[in-house]
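One letter stands for each residue in the lines below.
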Amino acid sequence: MPAAAKTTSKKRAAVIKALAHPSRLLIAEALMAGELCVCDLKDLVGADMSTVSKHLTLMREAGVLNCEKRGLNIYYSLACDCLGEFLRCVDKLATGGTKTKRCC
């Protein structure tokens, strides 16, 4: 396998890993509706600020999230608009709803 292909695979794995936790997926799903403050995400996940911050950092480093500091608050948004489409495809696979190569 060429080095460029290995690098691409590692970057893809980092993005998938950033979404592969129930709390991080919940955060991403909430952000599909628009940006949210870290305090809103803390309440959504139901975890302490330290835990939520670790999840957000991992997601931001993988390129899944954008963040912007406004005053004392940090607001997060998704870095791409296609996550909903990807999750619909995942839903079809997870429920065994597709047996063809094209699910979306």
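All values derive from a computational prediction rather than experimental measurement. (Residues numbered from 1 in each chain as written. Predicted model: local features only at pLDDT ≥ 70, side-chain atom pairs only at ≥ 80, totals over all residues. Heavy atoms only, no water.)

**Some remarks on the overall build of the protein chain**
Here comes step 1: A tally of regular secondary structure across the protein chain gives 5 helices and 3 strands.
Here comes step 2: When the helices and strands of the protein chain are read in sequence order from the N terminus, they spell out α-α-β-α-α-β-β-α.
Here comes step 3: For the C-alpha atoms alone, the extent of the protein chain along its principal axes is close to 50 × 35 × 20 Å.
Here comes step 4: In the protein chain, which comprises 104 residues, the proportion classed as buried is 25%. (Helix = DSSP H or I, 4+ residues; strand = E, 2+ residues; numbered from the N terminus. Buried < 20%, exposed > 50% of the residue type's maximum accessible area, 1.4 Å probe, protein only.)

**What about the sheet that holds strand S1 (residues 36-37)?**
Here comes step 1: Pairing is antiparallel in the open sheet, where 3 strands are placed in the order S1-S3-S2. With partners counted over all chains shown, the strands left at the sheet margins are S1 and strand S2 (65-70), one partner each.
Here comes step 2: Note: S2 against strand S3 (residues 73-78), 6 bridges, orientation antiparallel. Looking at the pairing, Asn66 lines up with Ser77 of S3.
Here comes step 3: Strand contacts of helix H2 (residues 22-31): S1, S2 and S3, with the helix running at about 85° to S3, the strand carrying the most contacts. (Pairing = 2+ DSSP bridges. Contact = heavy atoms within 4.5 Å. Axes fitted to C-alpha atoms, helices over the stretch in contact; angles between N-to-C directions.)

**Brief notes about the layout of surface pockets**
Here comes step 1: Considered as a void within the structure, the largest pocket measures approximately 240 Å³ in volume.
Here comes step 2: Lining the largest pocket, in full, are Val15, Ile16, Leu19, Gly63, Val64, Leu78, Ala79, Cys80, Cys82, Leu83 and Phe86.
Here comes step 3: Going through the elements one at a time, helix H1 (3-19) and helix H5 (83-94) are the ones with two or more residues in the lining of the largest pocket.
Here comes step 4: Taken as a whole, the second largest pocket spans an internal volume of roughly 150 Å³.
Here comes step 5: Forming the walls of the second largest pocket are Ile16, Leu19, Ala20, Leu25, Glu29, Phe86, Leu87, Val90 and Asp91.
Here comes step 6: Mapped by element, the contributors of at least two residues to the lining of the second largest pocket are H1, H2 and H5.
Here comes step 7: Of the residues forming the lining of the second largest pocket, the biggest block, 4 residues, is contributed by H5. (1 Å grid on protein atoms, 1.4 Å probe; cavity = no way out; pocket = protein on both sides within 12 Å on 5 of 7 lines; lining within 4 Å. Points joined across faces, edges and corners; volume = space filled by probe spheres on them.)

Don't take any of this as a statement about function, it's just geometry.
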